[in-house]
Amino acid sequence: ELKVEQNPLFLSMQEGKNYTIYCNYSTTSDRLYWYRQDPGKSLESLFVLLSNGAVKQEGRLMASLDTKARLSTLHITAAVHDLSATYFCAGLTQGGSEKLVFGKGTKLTVNP
Amino acid sequence: DTAVSQTPKYLVTQMGNDKSIKCEQNLGHDTMYWYKQDSKKFLKIMFSYNNKELIINETVPNRFSPKSPDKAHLNLHINSLELGDSAVYFCASSQNMWYEQYFGPGTRLTVT
(Lines give C-alpha, C1' and ligand atoms only; values in the text may rest on other atoms or scores of the structure.)
Protein backbone atom coordinates (compact mmCIF):
# COMPACT_ATOMS: atom_id res chain seq x y z
CA GLU A 1 0.00 0.00 0.00
CA LEU A 2 1.40 3.37 -1.01
CA LYS A 3 2.18 5.74 1.81
CA VAL A 4 3.35 9.30 1.24
CA GLU A 5 5.19 11.28 3.89
CA GLN A 6 6.07 14.93 3.72
CA ASN A 7 8.39 16.89 5.89
CA PRO A 8 8.38 19.27 7.40
CA LEU A 9 4.66 19.62 8.08
CA PHE A 10 5.10 23.25 9.10
CA LEU A 11 7.66 25.62 7.70
CA SER A 12 8.12 29.24 8.64
CA MET A 13 10.70 31.09 6.63
CA GLN A 14 11.80 34.61 5.86
CA GLU A 15 11.44 36.29 2.54
CA GLY A 16 14.47 35.87 0.37
CA LYS A 17 15.54 32.54 1.88
CA ASN A 18 15.71 29.14 0.21
CA TYR A 19 14.22 25.94 1.51
CA THR A 20 13.22 22.43 0.45
CA ILE A 21 10.15 20.34 1.19
CA TYR A 22 10.67 16.59 1.08
CA CYS A 23 8.22 13.94 -0.05
CA ASN A 24 9.02 10.27 0.54
CA TYR A 25 6.85 7.47 -0.70
CA SER A 26 6.82 3.83 0.34
CA THR A 27 6.31 1.78 -2.82
CA THR A 28 6.90 2.19 -6.51
CA SER A 29 4.98 5.07 -7.97
CA ASP A 30 5.28 6.08 -11.60
CA ARG A 31 4.13 9.60 -11.09
CA LEU A 32 4.43 12.21 -8.42
CA TYR A 33 2.26 15.30 -8.19
CA TRP A 34 2.58 18.57 -6.34
CA TYR A 35 -0.41 20.72 -5.46
CA ARG A 36 -0.84 24.04 -3.74
CA GLN A 37 -3.76 24.99 -1.49
CA ASP A 38 -4.38 28.51 -0.21
CA PRO A 39 -6.41 28.83 3.01
CA GLY A 40 -10.08 28.12 2.40
CA LYS A 41 -9.45 27.49 -1.28
CA SER A 42 -9.20 24.63 -3.70
CA LEU A 43 -6.13 22.69 -4.77
CA GLU A 44 -4.10 23.91 -7.71
CA SER A 45 -1.84 21.60 -9.67
CA LEU A 46 1.79 22.72 -9.70
CA PHE A 47 3.83 19.88 -11.19
CA VAL A 48 3.49 16.37 -12.52
CA LEU A 49 6.76 14.42 -12.43
CA LEU A 50 6.74 11.45 -14.73
CA SER A 51 10.09 9.73 -14.56
CA ASN A 52 13.29 9.32 -12.63
CA GLY A 53 15.39 12.44 -12.73
CA ALA A 54 12.50 14.63 -13.82
CA VAL A 55 12.91 18.27 -12.89
CA LYS A 56 10.32 20.98 -13.42
CA GLN A 57 10.47 24.65 -12.57
CA GLU A 58 7.89 27.38 -12.37
CA GLY A 59 8.97 30.73 -11.02
CA ARG A 60 10.55 30.28 -7.60
CA LEU A 61 9.47 26.65 -7.30
CA MET A 62 11.41 23.67 -8.60
CA ALA A 63 10.32 20.07 -8.20
CA SER A 64 12.38 16.95 -8.78
CA LEU A 65 11.87 13.21 -8.63
CA ASP A 66 14.25 10.39 -7.69
CA THR A 67 12.35 7.15 -8.15
CA LYS A 68 15.23 5.02 -6.87
CA ALA A 69 15.26 6.87 -3.57
CA ARG A 70 11.45 7.20 -3.68
CA LEU A 71 11.88 10.88 -3.01
CA SER A 72 10.56 14.06 -4.50
CA THR A 73 11.60 17.53 -3.46
CA LEU A 74 10.03 20.94 -3.85
CA HIS A 75 12.66 23.63 -3.66
CA ILE A 76 11.74 27.21 -2.95
CA THR A 77 14.15 29.88 -4.08
CA ALA A 78 14.16 33.39 -2.60
CA ALA A 79 10.77 32.98 -0.97
CA VAL A 80 8.17 35.72 -1.20
CA HIS A 81 5.05 36.19 0.90
CA ASP A 82 2.80 35.11 -1.99
CA LEU A 83 4.18 31.59 -1.71
CA SER A 84 2.55 31.15 1.70
CA ALA A 85 0.19 28.18 1.29
CA THR A 86 -0.07 24.47 2.03
CA TYR A 87 1.81 22.26 -0.42
CA PHE A 88 0.78 18.67 -0.98
CA CYS A 89 2.62 15.93 -2.77
CA ALA A 90 0.74 12.88 -4.01
CA GLY A 91 1.84 9.58 -5.48
CA LEU A 92 -0.11 7.49 -7.95
CA THR A 93 -0.71 3.89 -6.92
CA GLN A 94 0.12 1.16 -9.41
CA GLY A 95 -1.80 -1.87 -10.54
CA GLY A 96 -5.54 -2.11 -10.71
CA SER A 97 -7.40 1.13 -10.23
CA GLU A 98 -4.83 3.83 -9.86
CA LYS A 99 -5.53 6.60 -7.38
CA LEU A 100 -3.70 9.52 -5.82
CA VAL A 101 -2.44 9.12 -2.27
CA PHE A 102 -1.69 12.47 -0.69
CA GLY A 103 0.84 13.44 1.92
CA LYS A 104 -0.33 15.40 4.94
CA GLY A 105 0.76 18.68 3.40
CA THR A 106 3.39 21.23 4.36
CA LYS A 107 2.06 24.54 5.61
CA LEU A 108 4.48 27.20 4.44
CA THR A 109 4.46 30.66 5.97
CA VAL A 110 6.77 33.25 4.45
CA ASN A 111 7.38 36.18 6.76
CA PRO A 112 8.45 39.64 5.57
CA ASP B 1 -16.19 29.72 -17.15
CA THR B 2 -15.31 27.69 -14.08
CA ALA B 3 -13.65 24.40 -15.04
CA VAL B 4 -14.94 22.32 -12.12
CA SER B 5 -17.88 23.69 -10.19
CA GLN B 6 -19.61 22.43 -7.07
CA THR B 7 -22.83 23.39 -5.37
CA PRO B 8 -23.45 24.30 -2.68
CA LYS B 9 -20.29 25.91 -1.35
CA TYR B 10 -21.49 25.67 2.23
CA LEU B 11 -23.89 23.17 3.72
CA VAL B 12 -25.01 23.29 7.35
CA THR B 13 -27.42 20.59 8.43
CA GLN B 14 -28.49 18.51 11.39
CA MET B 15 -27.60 14.95 12.19
CA GLY B 16 -29.83 12.44 10.52
CA ASN B 17 -30.62 14.56 7.49
CA ASP B 18 -29.94 13.60 3.88
CA LYS B 19 -28.07 15.99 1.60
CA SER B 20 -26.57 16.12 -1.88
CA ILE B 21 -23.60 17.89 -3.41
CA LYS B 22 -23.44 18.45 -7.14
CA CYS B 23 -20.36 18.65 -9.33
CA GLU B 24 -19.94 19.59 -12.97
CA GLN B 25 -16.86 19.89 -15.15
CA ASN B 26 -16.63 21.57 -18.54
CA LEU B 27 -13.15 20.35 -19.42
CA GLY B 28 -14.26 17.34 -21.42
CA HIS B 29 -12.49 15.02 -18.99
CA ASP B 30 -13.33 11.34 -18.74
CA THR B 31 -12.57 10.82 -15.06
CA MET B 32 -14.14 12.45 -12.01
CA TYR B 33 -13.48 12.06 -8.31
CA TRP B 34 -14.77 12.85 -4.86
CA TYR B 35 -12.31 13.63 -2.06
CA LYS B 36 -12.81 14.33 1.61
CA GLN B 37 -10.55 16.80 3.42
CA ASP B 38 -10.79 16.58 7.17
CA SER B 39 -10.15 19.24 9.79
CA LYS B 40 -6.42 18.44 9.76
CA LYS B 41 -6.34 19.07 6.00
CA PHE B 42 -5.77 15.40 5.23
CA LEU B 43 -7.09 14.63 1.76
CA LYS B 44 -8.42 11.18 0.89
CA ILE B 45 -10.12 9.84 -2.17
CA MET B 46 -13.64 8.51 -1.76
CA PHE B 47 -14.79 7.60 -5.27
CA SER B 48 -13.71 7.86 -8.86
CA TYR B 49 -15.68 7.43 -12.04
CA ASN B 50 -14.44 6.93 -15.57
CA ASN B 51 -16.96 7.59 -18.31
CA LYS B 52 -19.83 7.22 -15.84
CA GLU B 53 -18.49 3.91 -14.55
CA LEU B 54 -17.48 3.53 -10.89
CA ILE B 55 -13.77 2.71 -10.75
CA ILE B 56 -12.75 3.38 -7.17
CA ASN B 57 -14.90 2.97 -4.12
CA GLU B 58 -12.79 3.44 -1.03
CA THR B 59 -13.81 2.28 2.40
CA VAL B 60 -16.65 4.73 2.65
CA PRO B 61 -19.87 4.13 4.61
CA ASN B 62 -22.84 3.00 2.53
CA ARG B 63 -24.54 6.23 3.51
CA PHE B 64 -22.45 7.89 0.79
CA SER B 65 -23.69 7.22 -2.72
CA PRO B 66 -22.18 8.80 -5.81
CA LYS B 67 -24.07 9.14 -9.05
CA SER B 68 -22.76 10.07 -12.46
CA PRO B 69 -25.61 10.85 -14.86
CA ASP B 70 -23.13 11.70 -17.60
CA LYS B 71 -19.41 12.22 -18.10
CA ALA B 72 -19.57 15.86 -17.04
CA HIS B 73 -21.43 15.39 -13.77
CA LEU B 74 -20.73 13.54 -10.56
CA ASN B 75 -23.03 14.03 -7.60
CA LEU B 76 -22.66 12.85 -4.03
CA HIS B 77 -25.64 11.95 -1.89
CA ILE B 78 -25.23 11.42 1.83
CA ASN B 79 -27.90 9.75 3.95
CA SER B 80 -28.34 9.95 7.70
CA LEU B 81 -25.61 12.53 8.23
CA GLU B 82 -23.35 12.14 11.25
CA LEU B 83 -21.14 14.59 13.11
CA GLY B 84 -18.05 12.86 11.71
CA ASP B 85 -19.14 13.68 8.17
CA SER B 86 -18.27 17.32 8.77
CA ALA B 87 -15.44 18.11 6.34
CA VAL B 88 -14.71 19.80 3.05
CA TYR B 89 -15.66 17.69 0.07
CA PHE B 90 -13.82 18.29 -3.19
CA CYS B 91 -14.82 17.17 -6.61
CA ALA B 92 -12.06 16.81 -9.20
CA SER B 93 -11.66 15.74 -12.80
CA SER B 94 -8.84 14.65 -15.08
CA GLN B 95 -8.34 13.50 -18.63
CA ASN B 96 -7.66 10.04 -17.29
CA MET B 97 -6.41 8.67 -13.99
CA TRP B 98 -2.76 9.39 -14.79
CA TYR B 99 -3.12 13.06 -15.64
CA GLU B 100 -3.17 15.97 -13.22
CA GLN B 101 -6.48 16.51 -11.52
CA TYR B 102 -8.43 19.77 -11.51
CA PHE B 103 -10.24 20.42 -8.28
CA GLY B 104 -13.52 22.18 -7.67
CA PRO B 105 -13.87 24.93 -5.06
CA GLY B 106 -15.02 22.52 -2.37
CA THR B 107 -18.19 22.15 -0.30
CA ARG B 108 -17.82 22.77 3.41
CA LEU B 109 -20.27 20.45 5.16
CA THR B 110 -21.06 21.09 8.80
CA VAL B 111 -23.24 18.62 10.64
CA THR B 112 -24.68 19.85 13.94
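Model, not experiment: these values are computed from the prediction. (Residues numbered from 1 in each chain as written. Chains lettered and ligands numbered in written order. Predicted model: local features only at pLDDT ≥ 70, side-chain atom pairs only at ≥ 80, totals over all residues. Heavy atoms only, no water.)

Draft legend 1. Structural view of the state of the cysteines. Residue and element names in this part refer to chain A. In total, this model carries 2 disulfides over all chains according to the counting rule given. Here Cys23 is linked by a disulfide to Cys89, with a sulfur-sulfur distance of 2.0 Å. Taking the torsion about the sulfur-sulfur bond, which here is approximately 85°, the covalent link between Cys23 and Cys89 counts as right-handed. Placement of Cys23 in strand E3 (residues 19-25) and of Cys89 in strand E9 (residues 85-92) is noted, with a sequence separation of 66 residues between them. (Disulfide = S-S within 2.5 Å. Helix = DSSP H or I, 4+ residues; strand = E, 2+ residues; numbered from the N terminus.)

Draft legend 2. Quick look at the interface of chain B and chain A. Taken together, the contacts link 18 residues of chain B with 18 residues of chain A. Summing both sides of the interface, chain B and chain A together bury roughly 1,600 Å²; the carbon and sulfur share of this comes to 56%. The interface formed by chain B and chain A holds 1 salt bridge in total. With a shortest N-O distance of 2.8 Å, A:Lys99 and B:Glu58 are connected by a salt bridge. The tally of links from chain B across to chain A stands at 9 residue pairs in polar contact (both at pLDDT 80 or more). (Contact = heavy atoms within 4.5 Å. Buried area = accessible area lost by both parts, 1.4 Å probe. Salt bridge = Lys/Arg side-chain N within 4 Å of Asp/Glu carboxyl O. Polar contact = N/O pair within 3.5 Å; in protein donor to acceptor, adjacent residues only side chain to side chain.)

Draft legend 3. Inspection of the nonpolar core at higher detail. With 25 residues, the main nonpolar core has A:Leu32, A:Trp34, A:Leu74, A:Ile76, A:Tyr87 and A:Leu108 as its most contacted residues. Counting residues per element, the ones that place at least two in this core are strand E2 (10-14), E3, strand E4 (32-37), strand E5 (43-49), strand E7 (61-66), strand E8 (71-76), E9 and strand E11 (106-111) of chain A. If we skip the residues at most four places from it in the chain, A:Leu32 touches A:Cys23, A:Tyr25, A:Phe47, A:Val48, A:Leu49, A:Leu65, A:Ser72, A:Cys89, A:Ala90 and A:Gly91. In this structure, B:Ile21, B:Trp34, B:Ala87 and B:Leu109 belong to the second largest nonpolar core, which totals 20 residues. (Core = buried A, V, L, I, M, F, W, Y, C linked by side-chain atoms within 4.5 Å. Buried < 20%, exposed > 50% of the residue type's maximum accessible area, 1.4 Å probe, protein only.)

Draft legend 4. Local environment of the sheet that holds strand E6 (residues 55-58) of chain A. Residue and element names in this part refer to chain A. Strand order in the open sheet formed by 5 strands is E1-E3-E8-E7-E6, and the pairing between neighbours is antiparallel. At either margin of the open sheet sits one strand with a lone partner, and together these are strand E1 (4-7) and E6. For this sheet the average axis-to-axis angle between neighbouring strands, irrespective of direction, equals 15°. As defined by bridge partners, E7 adjoins E8 across 6 bridges and the pair is classed as antiparallel. If you follow Asp66 over to E8, its bridge partner there is Leu71. (Pairing = 2+ DSSP bridges. Axes fitted to C-alpha atoms, helices over the stretch in contact; angles between N-to-C directions.)

Draft legend 5. A look at the sheet that holds strand E1 (residues 4-7) of chain B. Residues and elements named next belong to chain B. Spatial ordering of the open sheet is given by E1-E3-E8-E7, a layout of 4 strands whose pairing is antiparallel. Lying at the two open borders of the sheet, with one neighbouring strand each, are E1 and strand E7 (64-70). Direction aside, the axes of adjacent strands within the sheet are offset by 20° on average. Alignment of strand E3 (residues 19-25) against strand E8 (residues 73-78), held across 4 bridges, turns out to be antiparallel. Bridge assignment links Lys19 to a residue of E8, and that residue is Ile78.

Draft legend 6. Focus on the pairing of E3(B). Of the strand pairs in this sheet, E1(B) and E3(B) are connected by 4 bridges, and their pairing is antiparallel. Bridging from a neighbouring strand, B:Val4 pairs with B:Gln25 of E3(B).

Draft legend 7. Just the packing of aromatic side chains, in detail. Scanning the entire structure with this criterion turns up 9 aromatic pairs over all chains. Here the aromatic rings of A:Tyr35 and A:Phe102 are separated by 5.8 Å at their centres, their planes lie at 45°, and the arrangement is tilted. Of the two residues, A:Tyr35 sits in strand E4 while A:Phe102 sits in strand E10 (residues 100-102), which places them 67 residues apart along the sequence. Classification of A:Tyr35 by relative accessible area gives buried; the value is 0%. Relative accessible area serves as the criterion here: at 3%, A:Phe102 is assigned to the buried category. Plain terms: the ring middles of A:Phe102 and B:Tyr35 are 5.7 Å apart, the flat faces sit at 90° to each other, and that makes the pair edge-to-face. Within this pair, whereas A:Phe102 is found in strand E10, its partner B:Tyr35 is found in strand E4 (residues 31-37), the two belonging to separate chains. Residue classification places B:Tyr35 among the buried residues on the basis of a relative accessible area of 0%. Connected via pairs of aromatic rings, a cluster forms that spans A:Tyr35, A:Phe88, A:Phe102, B:Tyr33, B:Tyr35, B:Phe90 and B:Phe103. (Phe/Tyr/Trp six-rings, centres within 6.5 Å; stacked < 30°, edge-to-face > 60°.)

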